[in-house]
Amino acid sequence: MRVYQLARKLKLPTKKLLRVLSEWGIEGKTNLSSLTPQEEAEIEQLLKEKLPEKPKEKVLSPRDPIVTVLGHVDHGKTTLLDALRNTQVAQTEAGGITQRIGASEIYFQGKRIVFIDTPGHEAFTAMRAQGAQVTDIVVLVIAADDGVMPQTEEAINHARAANVPIIIAINKIDKENADLDRVKRQLTRYNLTPEEWGGETICVEVSALEKKGLHELLEMIFLQAEIMELSADPAGELRAVVVESEINRQKGPISTVIIKQGTLRIGEVIIGGEVYGKVRAFINWRGERLKDAGPSTPVQVLGLSDVALPGQIFVRVYSERIAKRMADEAKEEARRRSLRKREKIITLESIFSSSQKEVKSLNVVLRADSQGTLKAVADVLTNMGDENVKVEVVSQGVGEIKKSDILLASSSEAIILSFNAEVSPEIKTLAHQEEVEIREYQVIYDIIEDIKLALTGMLEPVYAEDLIAKAEIRDIFKIPRVGIVVGCYVREGKVIRGSKVKVMREDKLTGEGKVASIKRFERDVNEVSTGLECGVKIDGVDDIQKGDLIEVYQERRLR
């Protein structure tokens, strides 16, 4: 059946029908012959029930600001949020570091602000960038005693790339070595001149520990939001942005999303890329179940087919059947893109270069507790190493370690890295049987240090040669069953048995060998110092003459 035939049957304009079909993932298909009769009947019924007689006018309503907290590690981002929310999140985090994105809400003077707390470690660059893309305002936290640091500059770049206004929160003003003027001077280098210095950047001085300046910070956020005139259409098409995802053993895949437009309700079917599902429930940051969620609301969504990537946009569709087909098409397209990336032009040069240089690899199976954390850790690992040795992530996933992970690690000679992922006793037993090592971590610094040590151990040793002595050959003896022994005078340094030697004649190298033995007055010795004579047997050198100079080297391992 063609679209115009279906439009005529339903007494609808063809353009209106095409618009509705495009919303359901059938965009551009003027021929519906690929649909089954059951799907055609389903579309007809949905059109009769859902299609409005007249299109509704788009009504924009004011919405609450979404604020992302960025900054350098240990500058007090989570502690500041704790003070604003009266919670104790920072005290529960491994190593005192936020390692995943969280969304929360606070109310101030009857108004609501949605906060996104992001990790500060450089390994989570992608997660911080994602936070800046879903936010309206960035609060950049800078420690008054530390000043602008590398991740501070990185956060500024993220905010500017997303075209998001920045409010500076100078934290830790209670410290004795706090230097507010120094911080403000540093900010001017990035064109963030404070208002009191004649610029346009809002700077608020706060102390998260002593809860100073918090009201002023919130007032500045609301002032900035009023200037921006934030709005959304609660009745419009749904747009929900994924902030984080994880797998819960009891609840299955869970995605934290923020509603940018429209309203999400229980029982609706949503899709984002390869992930789809019927919403079974959604929970706010306090753990309370909601029936619907409007613009600027962060919720954890249950009922999806898989974990969704941070930044993925979910939209609403009217049928699980259509959602599944759209997800399958997205998977197929992703598979094709992956195949295209792997294609290489095989040339004689590439074959020769690959055969000449063998790169060692440390195979890793990676498991993490959330999608954002998984990507961040995987990015760190794949960027480690050099032209001689590298990390190969053979498999990665969210959730607990499974039997298949152990078997894969066993067959690929890999180790398993668990980042806050569960490891059951049964899995540990299987890993022991298969002789697979599982290393569990809670702080990313520990992973980085361990992998660095592992890569160093895999490198071939590299040595440097240190010149330790020079000796002049004054006589040559040919001794039966021993070979050539040279009589030497040590000009400088110390000749040591087992050292490497280079025989020089008129400043040209004639041979290289090793000090096999040293004699002094018929007695075997280990070394002879400056100003003494000795007999030296050199292995590996045949061309030796009186007057030649012996340079003695000691090898020193660099790595």
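Keep in mind the model is a prediction, meaning the values are calculated, not measured.

Before we move on, can you summarise the overall build of the protein chain with the specific residues and values?
What the protein chain contains, in helices and strands, is 14 helices and 29 strands. Carbon together with sulfur atoms contributes 47% to the accessible area of the protein chain, which is approximately 29,700 Å² in total.

Any chance you could break down a nonpolar patch on the surface for me, citing the residues and the numbers?
A surface patch of nonpolar side chains, about 240 Å² in accessible area, is lined by F477, I479 and V482. For I479, the location among the structural elements is in strand β22 (residues 463-479). According to the relative accessible area criterion, I479 is partly exposed, its value standing at 38%.

Go over the sheet that holds strand β7 (residues 202-205), please, and point to the residues and values.
The strand order across the open sheet formed by six strands is β3-β4-β2-β5-β6-β7, and the pairing between neighbours is mixed. In the strand order of this sheet, the two ends are held by β3 (102-108) and β7, each with one partner. Direction aside, neighbouring strands of the sheet carry axes that sit 25 degrees apart on average. Of the strand pairs in this sheet, strand β2 (residues 66-71) and strand β5 (residues 137-143) are connected by five bridges, and their pairing is parallel. Bridged to G71 within β5 is V141. Against the sheet, helix α7 (residues 180-188) contacts β5, β6 (166-171) and β7, and its axis sits at roughly 155 degrees relative to β6.

So what's going on with the pairing of strand β4 (residues 111-117)? Residues and values would help.
In terms of residue burial, β4 counts as a mostly covered element, since six of its seven residues are buried. Where β2 and β4 come together, four bridges link them in parallel fashion. Along β4, the bridge assignment pairs V67 with F115. Pairing of β3 with β4 involves seven bridges; the strand directions are antiparallel. For Y107, the partnering residue across the bridge sits in β4 and is R112. Count of turn residues in the β3/β4 antiparallel hairpin: two residues, of which Q109 carries a positive phi of about 55 degrees.

Just give me the short version of the packing of aromatic side chains, but keep the residues and values in it.
Under the defined criterion, the tally for this structure stands at one aromatic pair. When the ring of F108 is compared with that of F222, the centres are 6.3 Å apart and the planes differ by 10 degrees; the resulting orientation is stacked. Of this pair, F108 sits in strand β3 while F222 sits in helix α8 (residues 214-228); the two residues are 114 residues apart in sequence, bridging distant segments of the chain. Assigned by exposure class, F108 and F222 land together as buried. Its end group placed over the ring of F222, K111 keeps NZ or CZ at 5.2 Å from the ring centre.

Give a description of the sheet that holds strand β19 (residues 389-398) that names residues and reports values.
An order of β19-β18-β20-β21 is seen for the four strands of this open sheet, with the pairing classed as parallel. The open sheet has two edge strands, β19 and β21 (438-441), and neither has a second partner. Pairs of neighbouring strands in the sheet enclose a mean axial angle of 25 degrees, with direction left out of account. Relative to strand β20 (residues 415-419), strand β18 (residues 360-368) runs parallel, the two sharing five bridges. Along β20, the bridge assignment pairs V365 with I416. Packing of helix α12 (residues 403-411) onto the sheet brings it into contact with β18, β19, β20 and β21, and relative to β18 it is tilted by some 175 degrees.

Mind laying out the environment of V317, listing which residues take part and the relevant values?
With respect to the helices and strands, V317 occurs in strand β17 (residues 313-317). Along the chain, V317 and V269 lie 48 residues apart, while their C-alpha atoms are 5.6 Å from each other.

Residue-level account of the pattern of salt bridges, with values.
Evaluated as defined, the whole model comprises 33 salt bridges. Across the pair E472 and R491 runs a salt bridge whose closest N-O atoms are separated by 3.4 Å. With a gap of 19 residues between them, E472 in strand β22 and R491 in strand β23 (residues 483-496) connect regions that are remote in the sequence. The closest approach of N and O atoms between R474 and E533, which form a salt bridge, is 3.4 Å. Separated by 59 residues along the polypeptide, R474 in strand β22 and E533 in strand β28 (residues 533-539) bring together distant segments of the chain. On the basis of relative accessibility, which here comes to 41%, the residue R474 falls in the partly exposed class. Several salt bridges converge on common partners, so that one network encompasses E332, E333, R335 and R336.

Go over the nonpolar core with me, naming the residues and quoting the values.
Ranked by internal contacts, the top residues of the largest apolar core, which has 26 residues, are L80, L84, I113, F115, L217, L218 and I221. Secondary structure elements with two or more residues in this core: β2, α4 (77-85), β3, β4, β5, β6, β7 and α8. A per-element tally of this core places α8 first, with six residues. Ignoring anything within four residues of it in the chain, the contact list for I113 reads P65, V67, S104, E105, I106, L218, I221 and F222.

Go over the pairing of strand β25 (residues 508-520) with me, naming the residues and quoting the values.
The sheet contact formed by strand β24 (residues 500-505) and β25 spans six bridges and is antiparallel. Looking at the pairing, V501 lines up with G513 of β25. Between β24 and β25, which follow one another and run antiparallel, lie two residues, and E506 among them has a positive phi close to 55 degrees. Bridge count between β25 and β28: five bridges; the pairing is antiparallel. Its bridge partner being in β28, S517 is matched across the sheet by K537. Here β25 runs beside strand β26 (residues 523-525); their pairing, made up of three bridges, is antiparallel. Across the sheet, the residue bridging to R520 is R523, located in β26. Where β25 folds back on β26, the antiparallel hairpin that results is connected by two residues, among which F521 adopts a positive phi of roughly 55 degrees.

Reading the values: the criteria
Residues numbered from 1 in each chain as written. Predicted model: local features only at pLDDT ≥ 70, side-chain atom pairs only at ≥ 80, totals over all residues. Heavy atoms only, no water. Helix = DSSP H or I, 4+ residues; strand = E, 2+ residues; numbered from the N terminus. Areas by Shrake-Rupley, 256 points an atom, 1.4 Å probe, with all protein chains shown as cover. Patch = residues over 30% accessible without salt bridge, like charges linked within 9 Å, V, L, I, M, F, W, Y side chains within 5 Å. Salt bridge = Lys/Arg side-chain N within 4 Å of Asp/Glu carboxyl O. Buried < 20%, exposed > 50% of the residue type's maximum accessible area, 1.4 Å probe, protein only. Pairing = 2+ DSSP bridges. Axes fitted to C-alpha atoms, helices over the stretch in contact; angles between N-to-C directions. Contact = heavy atoms within 4.5 Å. Phe/Tyr/Trp six-rings, centres within 6.5 Å; stacked < 30°, edge-to-face > 60°. Lys NZ or Arg CZ within 6 Å of the ring centre and 35° of its normal. Core = buried A, V, L, I, M, F, W, Y, C linked by side-chain atoms within 4.5 Å.

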